[in-house]
Amino acid sequence: MNLEKQKFIDNFRNNVRNREKNIAIIGLGYVGLPLALTFSESNFSVIGIDIDQKKISKLKNKESYLKHISSNRIKNAINSKKLIPTSDFSFIESCIGVILCVPTPLNKNREPDLRYIEKTLASIKSFLKKGQLLSLESTTYPGTTEEILMSQIKNLGFNIGEDFFLVYSPEREDPGNKKYTTASIPKVIGGITTNCRDMGIELYSKVIKTLVPVSSTRAAETTKLLENIHRAVNIGLVNELKILSDKMGIDLYEVIDAASTKPFGFTAYYPGPGLGGHCIPIDPFYLTWKAREYGMNTKFIELAGEINASMPKYVLEKIFNALNERSKSIKNSKILVLGLSYKKNIDDIRESPSLEIIDLLLKKGAIVKYNDPFIPKMPKVRMYNLQIDSIEINKNILNSFDCVLLLTDHDIFPYEMIRKNSRLIIDTRGRFKSSENIIKA
């Protein structure tokens, strides 16, 4: 390698090791914000960029908008001037590393929607310069980094791997998991070239304890998909078994607990009312979409997706039958939903099956209220603007509803009070033992 090329590598290493230049993190949601704080707590100066002015205002006021991120962490980062929140992309000019943590949803046809990546690239292109590293963390299909990012970077006149470094390093955030933090979760990283990967390792190794290098960005992209497809397929299996077990009069939760005593060859997965979060309901379809380009139908993955997607309607059927047995129509029945978030003990409602189930109930004429201690006000989201009220629960309120529907089993719920004072409970999470007024769904 000639001296000119080596200069960019040496400068990058020195800037990272000495924390001499800023790190830009674009997208300050469930992935970007904890990553920005992790870098700032490792003595990097971080430019946190988001087009959502509400988020920027809260950060400037030293307030958290994520339940599992304390305002104290944000206060420390802002007071130390290690985190600068902004919507101004021009700050990227001062940065040695730029990390994209933007959404990658599916469109209505379950095809990858990369407009957030593309719009972000359009916004930052004029501020990128030689010697920087660009990392994509958003979940996507194999080939995205090469096909979308690399082509545009090359058009800027940069030589990737020589004077500009491009990597893919998928996020592995698990909101609400107190056992693992951003810094302690091993991080996969692949580069367009070996130099790219090495510079990515140089940067991330300063804040992440364990890095897992792979041979390419495509390998890293596929690793992320495999992790979540593994979960989606196994959850699809137990969701199908839940329906069969119900018909056979078997408690599937008892069966899973018994199977879990085997010290090898079995991993417990639990059924639910459907899949939620950004990853598991979406990621499998990124791979099935890409597979069609190679003339292959991924039937196994798609079947699991169909089973998981059908669960909200199964829950609705169980509610309908339970009310019907009590001589009540679902229309005008008062139903109290417990839990909006897609999993317990967090405030994340992305792709939550609770929203679909509530929407189905409202369309059937039910009167729906909800309680979720993590979500005191139901926000408008991409597919739903339900505008229903959160209410407090007590003995009298519980007894006033025709049906109490447990969709998210937050540990904070007073389960014994709920059990004693509810006329009918539909339990989609296996939190209650079966009884005359408790129906598993």
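This text follows the structure it describes.
Residues numbered from 1 in each chain as written. Predicted model: local features only at pLDDT ≥ 70, side-chain atom pairs only at ≥ 80, totals over all residues. Heavy atoms only, no water.

Right, let's talk about the sheet that holds strand β8 (residues 211-213) for a bit. Taken in spatial order, the eight strands make up an open sheet running β3-β2-β1-β4-β5-β6-β7-β8, and their pairing is mixed. Edge positions in the sheet fall to β3 (83-86) and β8, since each has one partner strand and no second. If you compare each strand with its neighbour and ignore which way they point, the axes differ by 25° on average. In the sheet, strand β6 (residues 165-168) pairs with strand β7 (residues 187-191) via two bridges, with the strands oriented antiparallel. Considered in β7, the bridge of Tyr-168 is made with Gly-190. Contacts between helix α2 (residues 32-41) and the sheet are confined to β1 (22-26), β2 (46-49), β3 and β4 (95-100), with β1 contributing the most and set at about 170° to the helix. (Pairing = 2+ DSSP bridges. Helix = DSSP H or I, 4+ residues; strand = E, 2+ residues; numbered from the N terminus. Axes fitted to C-alpha atoms, helices over the stretch in contact; angles between N-to-C directions. Contact = heavy atoms within 4.5 Å.)

Turning next to the packing of helix α1 (residues 3-17) against helix α7 (residues 194-204). The interhelical angle for the contact between α1 and α7, taken along N-to-C directions, is 15°, at an axis separation of 9 Å. Taken together, α1 and α7 sit at an angle that is classed as roughly parallel. Both α1 and α7 take part in a crossing whose hand is right-handed. Across the interface between the two elements, Ile-9, Phe-12, Arg-13, Val-16 and Arg-17 of α1 pack against Asn-195, Asp-198, Met-199, Glu-202 and Leu-203 of α7. (Parallel < 35°, antiparallel > 145°, perpendicular 65-115°, else oblique. Left-handed = near helix turned anticlockwise from the far one by under 90°.)

The residue Asn-332 is not glycine, and still its phi comes out positive at about 70°. Structurally, Asn-332 can be placed in the loop between α11 (299-325) and β9 (334-338). The backbone phi angle of Gln-387 is positive, close to 50°, even though this residue is not glycine. Here Gln-387 is to be found in the loop between β10 (367-371) and α13 (395-399). We classify Gln-387 as exposed; its relative accessible area is 64%. (Buried < 20%, exposed > 50% of the residue type's maximum accessible area, 1.4 Å probe, protein only.)

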